[in-house]
Amino acid sequence: MRSNDRSSGSADSKRASSAAVLARRLAIPLFTVIGAAFGAWALIFTGATNPLLVGDSGPLGRIGLPIAEFFFQAASVVVIGAIILMMLVLPRSKPRRRRGAGARRAEKKAKQQARKEAAAANRSSGASPDSETSASSTAAFSLAVDEATTAAAEAEHEASSSADHKADGNAELDPSWAAALVAAQIGSVVLVLSSVATLILRYVNTAGTAATNATQAEFSAQLGAYITQIDSGRLWSLVVISAIIMSMVLFATRSFAGIGWSALLTVLILLPQALMGHAAEAKGHIEAVNSLGLHLVAVMAWVGGLLVLALISPTLTARPDLGEIIKRYSTIALFSIVIMAYSGFVNATLRVKTFDDWMTPYGQLVIIKAVLTVILGLIGFWHRERIIDRLGSSMRAAAEFWRLVLAEIAIFGAVVAIGIVLASSQPPVPQELRAEPTPSEILSGELLPPEPLWYNYFLQWRFDPLWVVVGIGASVLYIMGYRELKKRGGHWPLWRTISWVGGMAMLIYVTCGGPMVYGRTLFSGHMIQHMLIVMLVPIPMVVGAPITLLMRAIHPRQDGSRGVREWILILVHSKYIRFWAHPIVASINFAGSLIVFYYSGIMWYALKYHLGHELMLIHFLAAGYLFAQAMIGVDPGVKRFPHAVRFVVLLVTMTFHAFFGISIMTTEVLIEPDWYGNMGQTWISALDDQQLGGGIAWGIGEFPTLILAFIAAVQWSKASDREAKRKDRAEARSGDAELRAYNDYLASLSRKR
């Protein structure tokens with residue numbers, strides 16, 4: 001019987017190894033062949049291969065450009081997928097350390113002390129466990145645990161940072177991590193070559209006969225002008241430069257730090273793609289650009305991770321932790337498919353409106369892509385429900401997994417190719433402005449909203465996909481952490497969860513509701529959005545203490561890999577964040593950014609350019625968050641002032657905001673007159689509206705500051721009560737030894753006289 005079991009296990013192992021080898025050998029060819037076949041069919045189906053009557057670029061532009069873009073996207077998928085796996089999924093080396101002993105001792109000691117103080121408080125008050133006093137003691141214990149978690153995080157980071165630096169340079173790489181690095185390096189070379197080819201062919205496709213009929217010298221001169229003077233040429237040049245730098249970093253690095261920098265460079269590769277093409281020119285500019293950007297990120301994470309897993313499959317199959325590795329990737333894939341479906345839906349609705357539009361070749365391709373995406377989602381669901389839990393213990397499950405991976409890769413090849421053809425085709429809904437656009441359409445790309453009555457600030461919405469994903473995604477992750485902690489028997493105040501979710505709801509409203517709609521049209525609307533996002537939204541976010549929840553809900557990785565917890569700890573404790581989070585720097589940034597933004601001309605770029613608008617929101621949200629964190633936060637990474645000093649800082653800030661608001665109210669010179677003075681609205685004069693905005697800056701600015709002051713006062717009172725109770729209990733245990741010593745000292749002075 002045992003002999004049969006051994007032979008069966010050996011056969012399953014051979015089948016799993018054969019399936020893994022087959023997955024590695026066929027992954028790239030299958031992706032390429034299926035993609036080429038579907039791409040060629042889609043080009044013919046949409047008529048994209050038909051020559052133009054005027055300015056046709058020839059087969060080189062019509063056919064060569066989609067081919068170059070397919071290879072560019074395939075290389076991007078491999079590189080970005082490998083980077084994600086190395087950052088978040090795969091162990092880099094054998095674990096050299098456990099969680100620092102100092103961190104464990106600090107957290108354990110603080111928790112024990114908190115329990116003693118809570119019990120002593122109950123005994124001294126004679127309260128029952130269910131009484132209000134007992135509830136207060138439980139809240140005090142929760143706060144003490146939060147402080148213990150913060151102290152433990154600090155100790156853990158200090159204990160691990162030097163060890164990590166040594167390990168990065170000296171440790172032997174895990175075979176799977178090393179194989180993923182090789183895949184990223186090879187993919188980066190293809191990425192550089194295909195990005196250069198795409199840049200040249202984009203110029204050919206744009207210039208048409210002027211490029212195909214030019215001499216070599218004329219072609220070079222025209223290409224140089226395209227790169228330096230045309231927006232699409234400049235943006236794609238940034239892609240090429242970023243790809244070259246990223247390739248150099250990947251070949252030069254073997255560390256987590258290098259992979260982290262490579263991940264940042266991928267932003268410079270994906271962002272220009274979202275800003276280019278008819279997505280950037282479409283009506284609904286913000287929705288088009290951000291939905292395309294989210295779509296690219298989701299596709300790269302989902303497809304790339306799967307493709308690289310297949311490429312390194314022989315190093316994974318026999319691993320005992322295969323199930324854990326695939327489970328980590330599956331979580332990334334789950335979030336990716338949700339974002340991909342949402343962003344694809346938003347992008348499609350901007351281009352396909354009516355039933356007749358859906359029946360065009362463009363609309364039918366969108367339907368086919370959606371169906372293929374649903375099939376991929378169902379395969380992923382099968383993975384999670386039927387296979388992943390058996391990986392690592394069942395070779396038969398491993399063989400089944402790799403066979404399904406090949407099927408997914410084939411479907412993904414078709415999805416990527418169809419996406420490239422759709423990006424190269426003219427959608428049925430016109431993407432240009434009307435023949436006689438209004439001043440508002442010329443400036444912002446949108447018609448004027450209804451008159452800004454107070455209720456319209458709650459009825460008018462223009463959903464920005466980026467901030468919808470950020471707000472809902474952050475809420476879901478927070479609730480998941482809350483449930484995980486409660487499941488393990490940990491305590492987390494419900495009011496912190498409500499505060500965080502409320503903050504995310506406010507963030508979505510400020511970036512997608514009335515403040516966003518009227519902020520593009522009126523200075524007063526812009527000031528409402530600005531004051532809310534820098535002063536009000538950060539308060540419930542900070543009260544939610546997300547970093548502390550993360551530290552308590554997620555266990556540290558022990559296998560030599562890094563997860564979200566480890567990367568956030570590194571970011572929070574980095575010198576860069578510590579500098580900006582210092583109370584003095586945070587206060588100067590919080591207040592000084594207003595002057596710089598409104599009086600230096602930077603505001604124009606935030607109004608005119610989509611990227612400038614998003615950077616403005618990110619900067620002021622971060623500035624407000626770091627300031628509130630320094631005043632009332634409990635999360636690690638911030639060196640906070642004593643409570644009395646915090647009140648001084650708040651008083652100075654309140655005074656500054658009052659003067660800032662008054663300065664705008666009293667000025668007779670328009671800020672950004674080329675924008676607000678030419679918007680074409682007839683509700684209020686631009687100067688009166690600006691002065692109204694100054695009053696809003698003064699009024700709204702004071703209200704959140706008072707909230708901060710109230711929370712800081714409550715925290716100060718509770719801290720004083722805890723310290724007084726601690727001293728009382730210490731004196732009770734020592735029999736008032738300190739008081740007796742002081743009395744003896746006074747008596748000795750009296751005797752000397």
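Residues numbered from 1 in each chain as written. Predicted model: local features only at pLDDT ≥ 70, side-chain atom pairs only at ≥ 80, totals over all residues. Heavy atoms only, no water.

Our next topic: the environment of Lys353. In this fold, Lys353 is placed in the loop between helix H14 (322–349) and helix H15 (355–358). According to the relative accessible area criterion, Lys353 is exposed, its value standing at 52%. Taking the C-alpha atoms as reference points, Lys353 and Pro428, separated by 75 residues in sequence, lie 8.4 Å from one another. When sequence neighbours within four positions are dropped, the list of residues in contact with Lys353 reads Trp358 and Val429. Within the local environment of Lys353, its side chain forms a polar contact with the backbone oxygen of Thr349, the two atoms lying 3.1 Å apart. (Helix = DSSP H or I, 4+ residues; strand = E, 2+ residues; numbered from the N terminus. Buried < 20%, exposed > 50% of the residue type's maximum accessible area, 1.4 Å probe, protein only. Contact = heavy atoms within 4.5 Å. Polar contact = N/O pair within 3.5 Å; in protein donor to acceptor, adjacent residues only side chain to side chain.)

Nonpolar side chains in soluble globular proteins generally cluster together in the buried interior. Among the nonpolar cores identified, the biggest contains 103 residues, and Leu90 and Trp402 are the most heavily contacted of them. With 18 residues, helix H17 (residues 395–424) is the largest single contributor of residues to this core. Look past the residues within four positions of Leu90 in its chain and what remains in contact with it is Leu85, Ser176, Trp177, Ala180, Ile312, Leu316, Ile325 and Ser561. (Core = buried A, V, L, I, M, F, W, Y, C linked by side-chain atoms within 4.5 Å.)

Moving on, we come to the packing of H14 against helix H20 (residues 465–487). Following both chains from N to C, one finds H14 and H20 inclined at 155°, their axes separated by 12 Å at the closest point. The pairing of H14 with H20 is recorded here as roughly antiparallel in orientation. Note on packing geometry: the crossing formed by H14 with H20 is right-handed. Residue-level inspection shows Phe335, Ile339, Tyr342 and Val346 of H14 in contact with H20, the latter providing Pro465, Val468, Val469, Leu477 and Met480. Grouping the amino acids of the contact of H14 with H20 by side-chain chemistry returns nine nonpolar, no polar and no charged. (Axes fitted to C-alpha atoms, helices over the stretch in contact; angles between N-to-C directions. Parallel < 35°, antiparallel > 145°, perpendicular 65-115°, else oblique. Left-handed = near helix turned anticlockwise from the far one by under 90°. Nonpolar A, V, L, I, M, F, W, Y, C, P; charged D, E, K, R; others polar.)

This part is about helix H23 (residues 523–536). With 14 residues, H23 should cover 20 Å at 1.5 Å per step; its first-to-last C-alpha distance of 19 Å lies within 8% of that length. The buried fraction of H23 is high, at 14 of 14 residues. (Expected span 1.5 Å × (residues − 1).)

Let us look at a nonpolar patch on the surface. Nonpolar side chains collect at one region of the surface, where Val267, Leu271, Leu611, Leu615 and Ile618 lie side by side and expose about 400 Å² of accessible area between them. Of all elements in the fold, only helix H10 (256–275) and helix H30 (610–632) reach the threshold of two or more residues within the nonpolar patch. In terms of residues, the nonpolar patch owes the most to one element, H30, which gives three residues. (Patch = residues over 30% accessible without salt bridge, like charges linked within 9 Å, V, L, I, M, F, W, Y side chains within 5 Å. Areas by Shrake-Rupley, 256 points an atom, 1.4 Å probe, with all protein chains shown as cover. Salt bridge = Lys/Arg side-chain N within 4 Å of Asp/Glu carboxyl O.)

Interpretation of this model should avoid reading the predicted coordinates in detail wherever pLDDT is low. Chain-level pLDDT for the protein chain is 81 on average; 81% of the residues reach the 70-or-more range. In this model residues 98–103 is a low-confidence stretch, pLDDT under 50, and it forms 14 contacts with partners more than four residues away in sequence or in other chains. (pLDDT = per-residue confidence, 0-100.)

Here we take up unusual backbone geometry. Of note, the phi angle at Ala545 is positive, near 50°, even though the residue is not glycine. Its place among the elements puts Ala545 in the loop between helix H24 (538–543) and helix H25 (546–553). The backbone of Glu672 sits at a positive phi, close to 55°, despite the residue not being glycine.

This part covers the packing of helix H8 (residues 216–229) against helix H9 (residues 231–252). It is at 5 Å that the axes of H8 and H9 come closest, and there the two elements cross at 85°. In terms of their interaxial angle, H8 and H9 are classed as roughly perpendicular. Listed contacts from H9 to Tyr226, Ile227, Thr228 and Gln229 of H8 are Asp231, Ser232, Gly233, Arg234 and Ser237. In terms of residue class, the contact of H8 with H9 is made up of two nonpolar, five polar and two charged.

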